[in-house]
Amino acid sequence: MINVSKLKKGVVIDHIEANKGYKIFNQLKLDQSEDVVVLMRNVPSQKMGKKDLIKIENDINVDLTVLGLIDPNVTVNIVENGERIKKIKLSLPEKVMGILDCKNPRCISKHENVGDIGFILVDKEKKLYRCEYCDARTSL
Ligand SMILES: [Zn+2]
């Protein structure tokens, strides 16, 4: 296995379903980050067979809403002084703001500047969200 130097301070996003790491990487805009970021793919895992892993060196504010939306099964570890100080379990958010886009071309949000659109979870299984303006269903 590739040896990646131990994180002193930062965030480890663990138990990412294999091949979803890159998507999360992009959603968190880590390609624009100035911090040390490591994306590991296909890491052997007892529980999952293979998994992806992301390490970010810094105390960035990870947008947990985005993470919960892409993959609610990931674990977020906060590391300080080389020790894990906090483990965060994610869940599918009941409401998301400003991440999803309404797919209805006639939605008012497409024609007027309404700011961030809120989406309310309507189907956990299918990860379907309802636009607060027009009720159109959408998913990530
Ligand atoms: Zn809409």
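Remember, predicted model here, so these are calculated numbers, not experimental data. (Residues numbered from 1 in each chain as written. Predicted model: local features only at pLDDT ≥ 70, side-chain atom pairs only at ≥ 80, totals over all residues. Heavy atoms only, no water.)

Chemist: Help me understand the nonpolar core, please; the structure alone is not making it clear to me.
Modeler: In a soluble, globular protein the nonpolar side chains are often hidden away together inside. Counting residues in each nonpolar core, the largest one holds 17 residues, and the members touching the most others are I13, I24, L28, I54 and L67. Among the secondary structure elements, those contributing two or more residues to this core are strand 1 (10-17), helix 1 (21-27), strand 3 (49-57) and helix 2 (64-70). Contacts of L28, omitting those with residues within four sequence positions, involve I13, V62, D63 and L67. Ranked by size, the runner-up nonpolar core spans 12 residues in total, among them L92, C102, Y129 and A136. (Core = buried A, V, L, I, M, F, W, Y, C linked by side-chain atoms within 4.5 Å. Buried < 20%, exposed > 50% of the residue type's maximum accessible area, 1.4 Å probe, protein only. Helix = DSSP H or I, 4+ residues; strand = E, 2+ residues; numbered from the N terminus. Contact = heavy atoms within 4.5 Å.)

Chemist: Is there a simple way to explain the pairing of strand 3 in this structure?
Modeler: In the case of a regular strand, side chains alternate between the two sheet surfaces. Judged from the six bridges that link them, strand 1 and strand 3 form a sheet pairing that is antiparallel. Bridging across to strand 3, V11 finds its partner in I56. As defined by bridge partners, strand 2 (residues 36-45) adjoins strand 3 across eight bridges and the pair is classed as antiparallel. Each bridged residue has a counterpart across the sheet, and for L39 the counterpart in strand 3 is I54. Linking two consecutive strands that pair antiparallel, namely strand 2 and strand 3, is a turn of three residues. (Pairing = 2+ DSSP bridges.)

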